[in-house]
Amino acid sequence: MIISTTSLVVALAVALVASGCAEEQPTAGAATIVAVGAENQYTSVIEQIGGEYVSATSVMSNPNTDPHTFEASAQVAAQVSRASVVVQNGLGYDSFMSKIEAATPNANRVVISAQNVLGLPDSTANPHLWYSPKTMPAVAAQLSAEFSKLQPEHAGYFKKNLATFDAAVAKWSDALAAFSAGHPDTPVATTEPVADYMLEAAGAKVLTPWALQAAIMNDTDPAPQDVSTQDKLLSNNKVDVFLYNRQVTDSITATYLQLAREHHIPVVGVYETMPTDGYTYQSWMQAELDALTKAVTQQKSTV
């Protein structure tokens, strides 16, 4: 789901500046670059590129939390106000970040938006950009360039880290291509479009109506005809896998989970934010693909 925002964010950020908490700003000459990732998958990339010369924190990092209910706090505003580099998703997914940035101006702060790095218009329907194999290499390249500007003496270090990162992501991209070749046009159903970019790269066919996915993502009621279409996909065994968002479940999702189980359709739960138990961005994405592969080849559910 798209993360909501409230007017409280701006009030908190303004209060932070007024109290003097945001006065200390890192500069290009600082020993350590202070960076913030709006979501912890972006923080993972920051850490891998920045290494020992970057101190990174995440705003969103709890995979058991519904991102739709997230509310920024004064602590979040303090994090952003002190950062030299901020990485966020864009496309309205984490719009609270832009509000905080506007309320805590910092001429030295660099804001990297995945949306802008990819050149995507605001009308882009699916904001879950990190599931696309194209996104993080582009973000990582931008990070390497910005870190090199802030610490030119370590440019070679950042470039080397970028090459290592790209090689790791390439393994996932190769695995996606292998899945596509081995299981072309695998029919799947979903609740939200969380993993749709990955499914597209894996050559799968998402048969769930887009309107239903968008309605659930935006927490609105799907149209009856779309609900009926989804019901038939599951009850008539028209799909090989059913994917749902582990972080956002409701009565609609529960109904579809029950239908999938009744008709022996493997279920794969996916996350919006990276699980915190030892994953990097790359290993998380590979784990999601592995779960899809086991569902198709072994009829094994992740839940």
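Everything quoted here is computed from the prediction, not taken from an experiment.

Draft legend 1. The arrangement of the packing of helix α2 (residues 40-50) against helix α6 (residues 135-150) in detail. It is the contact of α2 with α6, at a shortest axis distance of 10 Å, that shows an interaxial angle of 45°. On the basis of their axis angle, the class for α2 and α6 is oblique. Here the hand of the crossing between α2 and α6 comes out right-handed. Note on element contacts: α6 touches α2 through Thr-135, Met-136, Val-139, Ala-140, Leu-143, Ser-144 and Phe-147, opposite Gln-41, Tyr-42, Val-45, Ile-46, Ile-49 and Gly-50. Looking at the contact of α2 with α6, its residues break down into nine nonpolar, four polar and no charged.

Draft legend 2. Spotlight on the pattern of salt bridges. Within this structure, the stated rule accounts for one salt bridge. Glu-146 serves as the salt-bridge partner of Lys-149, at 3.8 Å between the closest nitrogen and oxygen. Here Glu-146 and Lys-149 lie together in helix α6, a separation of three residues that amounts to about one turn. In this structure Lys-149 comes out as exposed when scored by relative accessible area, which is 61%. When its relative accessible area of 11% is taken as the criterion, Glu-146 is described as buried.

Draft legend 3. Geometry of the nonpolar core. The biggest cluster of nonpolar side chains holds 53 residues, and the ones touching the most others in it are Val-85, Trp-130, Tyr-131, Leu-143, Phe-147 and Tyr-281. No other element matches helix α12 (residues 281-298), which puts eight residues into this core. With sequence-adjacent residues up to four places away left out, Tyr-131 is seen in contact with Trp-172, Val-194, Ala-195, Tyr-197, Met-198, Val-270, Tyr-271, Trp-284, Met-285 and Glu-288.

Draft legend 4. Quick peek at the environment of Val-36. Here Val-36 is to be found in strand β1 (residues 33-39). Since its relative accessible area comes to 0%, Val-36 is described here as buried. Separated by 50 residues in the primary sequence, Val-36 and Val-86 place their C-alpha atoms 4.8 Å from one another. Contact partners of Val-36, with chain neighbours within four places excluded, come to Ile-46, Thr-57, Val-59, Gln-79, Val-80, Ala-83, Val-85, Val-86, Val-87 and Met-97.

Draft legend 5. Inspection of the packing of aromatic side chains at higher detail. Applying the stated criterion to the full structure yields nine aromatic pairs. Summarising the aromatic geometry, the rings of Tyr-42 and Trp-130 are spaced 6.4 Å apart at their centres and angled 80° between planes, so their arrangement reads as edge-to-face. In this pair, Tyr-42 sits in helix α2 while Trp-130 sits in the loop between α5 (114-118) and α6, placing the two residues 88 residues apart along the sequence. A residue is classified by how much of its surface remains accessible, and Trp-130, at 0% relative accessible area, is buried. A ring pair is formed by Phe-147 and Phe-158, whose centres lie 5.5 Å apart and whose planes are at 50°; its orientation type is tilted. Taken together, the residues Phe-147 in helix α6 and Phe-158 in helix α7 (residues 155-182) connect sequence positions 11 residues apart. The burial state of Phe-147 is the same as that of Phe-158; both residues are buried. Members of the aromatic cluster, joined through ring pairs, are Tyr-53, Phe-147, Tyr-157 and Phe-158.

Draft legend 6. Spotlight on the side chain of Ser-148. Mapped onto the fold, Ser-148 is located in helix α6. The exposure class assigned to Ser-148 is buried, which follows from its relative accessible area of 18%. Once residues lying within four places of it in the same chain are set aside, the contact partners of Ser-148 are Ala-155 and Phe-158.

Draft legend 7. Structural view of unusual backbone geometry. Positive phi, normally seen in glycine, also occurs at Leu-91, with a value near 60°. Looking at the element boundaries, Leu-91 is found in the loop between β3 (85-88) and α4 (95-103). Overall, Leu-91 belongs to the buried group, its relative accessible area being 12%.

Draft legend 8. Representation of the sheet that holds strand β2 (residues 54-60). If you walk across this open sheet you meet the four strands as β2-β1-β3-β4, and the pairing is parallel. Taken across any chain shown, the strands that pair with only one partner, and hence form the sheet edges, are β2 and β4 (110-113). Strand-to-strand twist in this sheet, taken as the mean axis angle between neighbours without regard to direction, amounts to 20°. In this structure, β3 lies alongside β4, joined through four bridges in parallel fashion. Looking across to β4, one finds that Val-86 is bridged to Val-111.

Conventions adopted
Residues numbered from 1 in each chain as written. Predicted model: local features only at pLDDT ≥ 70, side-chain atom pairs only at ≥ 80, totals over all residues. Heavy atoms only, no water. Axes fitted to C-alpha atoms, helices over the stretch in contact; angles between N-to-C directions. Helix = DSSP H or I, 4+ residues; strand = E, 2+ residues; numbered from the N terminus. Parallel < 35°, antiparallel > 145°, perpendicular 65-115°, else oblique. Left-handed = near helix turned anticlockwise from the far one by under 90°. Contact = heavy atoms within 4.5 Å. Nonpolar A, V, L, I, M, F, W, Y, C, P; charged D, E, K, R; others polar. Salt bridge = Lys/Arg side-chain N within 4 Å of Asp/Glu carboxyl O. Buried < 20%, exposed > 50% of the residue type's maximum accessible area, 1.4 Å probe, protein only. Core = buried A, V, L, I, M, F, W, Y, C linked by side-chain atoms within 4.5 Å. Phe/Tyr/Trp six-rings, centres within 6.5 Å; stacked < 30°, edge-to-face > 60°. Pairing = 2+ DSSP bridges.

The quantities given are spatial measurements derived from coordinates; they are silent on function.
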